[in-house]
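Residue-level structure breakdown
So you can see what is in the structure, the chains are spelled out below.
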Amino acid sequence: MNFNELREEKVAEIEGVLKKYLPNASNHQRKIMEAMEYNLMAGGKRIRPMLMKETYEMFGGTEEIIEPFMVAIEMIHTYSLIHDDLPAMDNDDYRRGRKTTHIVYGEAMGILAGDALLNYAFETASKAFDMKKEDSYLIGKALQVLGKKSGIYGMIGGQVVDVTATGTKVDKNVLNFIYDLKTSALIEASMMIGAVLAGATAKEIMIIEASAKKVGLAFQIQDDILDVISTEGVLGKPIRSDEKNEKTTYVTLEGFEKAKEQVETLSTEAITMLQGLNRENPYLMALLEKLIYREK
């Protein structure tokens, strides 16, 4: 089985897990549950839950306790996309090749669908306590990571600085800060949670965090590049949206060639750090390379 076939198989497994934890659309709040499912099951690469599980397995994890956290990280990522697309933010009509939530369900329901996924993410992750009570300390640590990396010291904090900086030119330090929080934080959370739940040492978790930070930055710079050179049909979302929203990117700041060089440098450093852990997971290493050098 080649990499692409294996990846498709793993994505299908993840989507099966997501469906298992979705709320049943019923009663008077049926509409919000439908909107949640519309977004969560809209496809996508399932990068974050996949990174979480692969890191978990790299450290020897074998239990189903990882599943609620895989679902939670994808719910948090999905809610952030719903809110990103709103008129007050990027005002995009398409995401993953189909109409965005506020276009289909209205702006108010778009806001509520995002809110619902964020809250349900933590409700879902907390189910791990019932699955393995003896690992309550590790589950609690994983929840701490999930909360911090998705909140004001993580993704939301990055979004705040990004929104504030829109329409103004920022320097490289500020741009790195935005990318570190806005994009890297959830990738860091994914890999750290996998390591935490598998019982990795504090030192190993620190290395995972540092490596994931580089992966996230390289991933976002590649996103900047694709926003310029790709097409809407390939990406499944509008291109040149950064230009439309007057956002500084690595391409506008450093130029196309330097941006490509930075992706190469960061990805090499990230993978070298992971290899230094002396833990085996060839698929994870290949996945990181494919993600960073992706074309969509």
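Everything below is about the structure shown above.
Let us look at the structure shown here. (Residues numbered from 1 in each chain as written. Predicted model: local features only at pLDDT ≥ 70, side-chain atom pairs only at ≥ 80, totals over all residues. Heavy atoms only, no water.)

With that settled, the discussion passes to unusual backbone geometry. Excluding glycine, residues mostly carry a negative phi; peptide bonds, for their part, are mostly trans. The phi dihedral of Asn 91 is positive, around 55°, even though this residue is not glycine. Within the element layout of this structure, Asn 91 appears in the loop between helix H4 (66-85) and strand S1 (94-95). We classify Asn 91 as partly exposed; its relative accessible area is 40%. In this structure, Asn 278 takes a positive phi of about 60° despite not being glycine. Following the sequence through the fold, Asn 278 ends up in the loop between helix H15 (256-275) and helix H16 (282-292). The exposure class assigned to Asn 278 is exposed, which follows from its relative accessible area of 68%. (Helix = DSSP H or I, 4+ residues; strand = E, 2+ residues; numbered from the N terminus. Buried < 20%, exposed > 50% of the residue type's maximum accessible area, 1.4 Å probe, protein only.)

This brings us to the environment of Ala 42. Along the chain, Ala 42 turns up in the loop between helix H2 (30-40) and helix H3 (47-58). Note: C-alpha distance between Ala 42 and Thr 124 (82 residues apart in sequence) is 19 Å. Every residue in contact with Ala 42, bar those within four places of it in the chain, is listed here: Arg 96 and Arg 98. (Contact = heavy atoms within 4.5 Å.)

Time to look at helix H9 (residues 155-165). If you check which residues of H9 are buried, you get Met 155, Gly 157, Gly 158, Gln 159, Asp 162 and Ala 165. Taken together, the buried residues of H9 touch H4, helix H8 (136-150) and helix H10 (172-197).

The subject of this paragraph is the side chain of His 83. Of note, His 83 is situated in helix H4. Aside from chain neighbours lying at most four places away, what touches His 83 is Met 89, Gly 110, Ile 111, Gly 114 and Asp 115.

Throughout the structure, instances matching the rule amount to three aromatic pairs. On the basis of an interplanar angle of 75° and a centroid distance of 5.6 Å, the ring pair of Tyr 38 and Tyr 105 is categorised as edge-to-face. Placement of the pair is Tyr 38 in helix H2 and Tyr 105 in helix H5 (residues 101-105), with a sequence separation of 67 residues. Exposure remark for Tyr 38: the relative accessible area of 16% places this residue in the buried category. Tyr 105 gets classed as partly exposed once you look at its relative accessible area, which sits at 23%. The ring of Tyr 38 carries Arg 98 above its face, with NZ or CZ at 3.8 Å from the centroid. (Phe/Tyr/Trp six-rings, centres within 6.5 Å; stacked < 30°, edge-to-face > 60°. Lys NZ or Arg CZ within 6 Å of the ring centre and 35° of its normal.)

What follows deals with H16. Of all the residues in H16, the buried ones are Tyr 283, Leu 284, Met 285, Leu 287, Leu 288, Leu 291 and Ile 292. The elements touched by buried residues of H16 are helix H1 (3-21), H3, helix H11 (202-229) and H15.

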